[in-house]
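Structural features, examined
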Amino acid sequence: MTPATRQEVLGLYRKILQIAKNWQSASGQIEETVREKEYIRNEARTLFRKNKNVTDPKLIKQCIEECEARIEIGLHYNIPYPRPIHLPPMGLAHKQGRTLRHQEKLRKISKPIYLKSHEEVS
């Protein structure tokens, strides 16, 4: 990891911790705010520790993009959790005879960047 990339990653981590520190839940309830703050800190800690040994520049860039996307979506919608997507079973096939394996491949490709690591950790 280059020093510039390292600084960018550490800056993102600090930004997430700052967001968690100042987070207010949409409902305004204290218990929910505390729960959401803890979720933000735990999610960041888990994902950053999981990816600390990544050395491939392309994979590092993908992780940084995912982090930035999750930050922006969380701030925009005021929810710390990733927004789920719904793809109905066999909903991606446009030709007859598509197999389940092909459907799984299409689902993986069509998954938004902000959900790439969510299912791996959760």
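The structure displayed is predicted, hence computed values, not measured ones.

Below, the discussion takes up the overall build of the protein chain. When helices and strands are tallied, the protein chain shows five helices and zero strands. In the protein chain, the succession of α and β elements from N to C terminus is α-α-α-α-α. By residue count, 28% of the 122 residues in the protein chain fall in the buried class. Partitioning the intrachain contacts of the protein chain with sequence separation of at least 6 by distance along the chain shows that 66% fall at a separation of at least 24. In the form shown here, the protein chain has an accessible surface area of approximately 8,800 Å², with 56% of it arising from carbon and sulfur atoms.

As enumerated under the stated definition, the model contains two aromatic pairs in all. With a centroid separation of 4.8 Å and 65° between ring planes, the pair formed by Tyr13 and Phe48 is classed as edge-to-face. Of this pair, Tyr13 sits in helix H1 (residues 3–22) while Phe48 sits in helix H2 (residues 30–50), placing them 35 residues apart in sequence. Residue classification places Tyr13 among the partly exposed residues on the basis of a relative accessible area of 23%. Using a relative accessible area of 23% as the deciding quantity, one classes Phe48 as partly exposed.

Counting 13 residues, the largest nonpolar core has Leu12, Ile16, Ile40, Ile64, Cys67 and Ile71 as its most contacted members. Looking at this core, the elements with two or more residues in it are H1, H2 and helix H3 (57–77). With five residues, H1 is the single largest residue contributor to this core. Setting aside residues no more than four positions away along its own chain, Cys67 makes contact with Leu12, Ile16 and Phe48.

Attention now moves to the pattern of salt bridges. In total, this model carries three salt bridges according to the counting rule given. A salt bridge links Glu65 to Lys61; the shortest N-O distance between them is 2.8 Å. Residue Glu65 and its partner Lys61 are both found in helix H3; the two are separated by four residues, about one turn of the helix. Judged by relative accessible area, which is 33%, Glu65 ranks as partly exposed.

What follows concerns a nonpolar patch on the surface. A contiguous nonpolar patch, built from Tyr77, Ile79 and Tyr81 and spanning about 260 Å² of accessible area, is present on the exposed surface. On the secondary structure map, Tyr77 appears in helix H3.

For H3, which comprises 21 residues, the first-to-last C-alpha distance of 30 Å matches the rise-based estimate of 30 Å (1.5 Å per residue) to within 8%. When we look at burial in H3, the residues that qualify are Ile60, Ile64, Glu66, Cys67, Ala69, Arg70, Ile71, Ile73 and Gly74. Where H3 terminates, the next one or two residues include Asn78, which has phi positive at roughly 60°.

Compared with an ideal rise of 1.5 Å per residue, which puts 21 residues at 30 Å, H2 spans 30 Å between its outermost C-alpha atoms and is within 8% of the ideal. Buried within H2 are the following residues: Thr33, Glu36, Tyr39, Ile40, Glu43, Ala44 and Leu47. End-on, the buried residues of H2 take up no more than an arc of 120°, which puts them together on one face. In H2, the exposed positions angled more than 90 degrees off the buried face are occupied by Ile30, Glu31, Val34, Arg35 and Arg49.

Conventions used here
- Residues numbered from 1 in each chain as written.
- Predicted model: local features only at pLDDT ≥ 70, side-chain atom pairs only at ≥ 80, totals over all residues.
- Heavy atoms only, no water.
- Helix = DSSP H or I, 4+ residues; strand = E, 2+ residues; numbered from the N terminus.
- Buried < 20%, exposed > 50% of the residue type's maximum accessible area, 1.4 Å probe, protein only.
- Contact = heavy atoms within 4.5 Å.
- Areas by Shrake-Rupley, 256 points an atom, 1.4 Å probe, with all protein chains shown as cover.
- Phe/Tyr/Trp six-rings, centres within 6.5 Å; stacked < 30°, edge-to-face > 60°.
- Core = buried A, V, L, I, M, F, W, Y, C linked by side-chain atoms within 4.5 Å.
- Salt bridge = Lys/Arg side-chain N within 4 Å of Asp/Glu carboxyl O.
- Patch = residues over 30% accessible without salt bridge, like charges linked within 9 Å, V, L, I, M, F, W, Y side chains within 5 Å.
- Expected span 1.5 Å × (residues − 1).
- Arc of directions from axis to C-beta.

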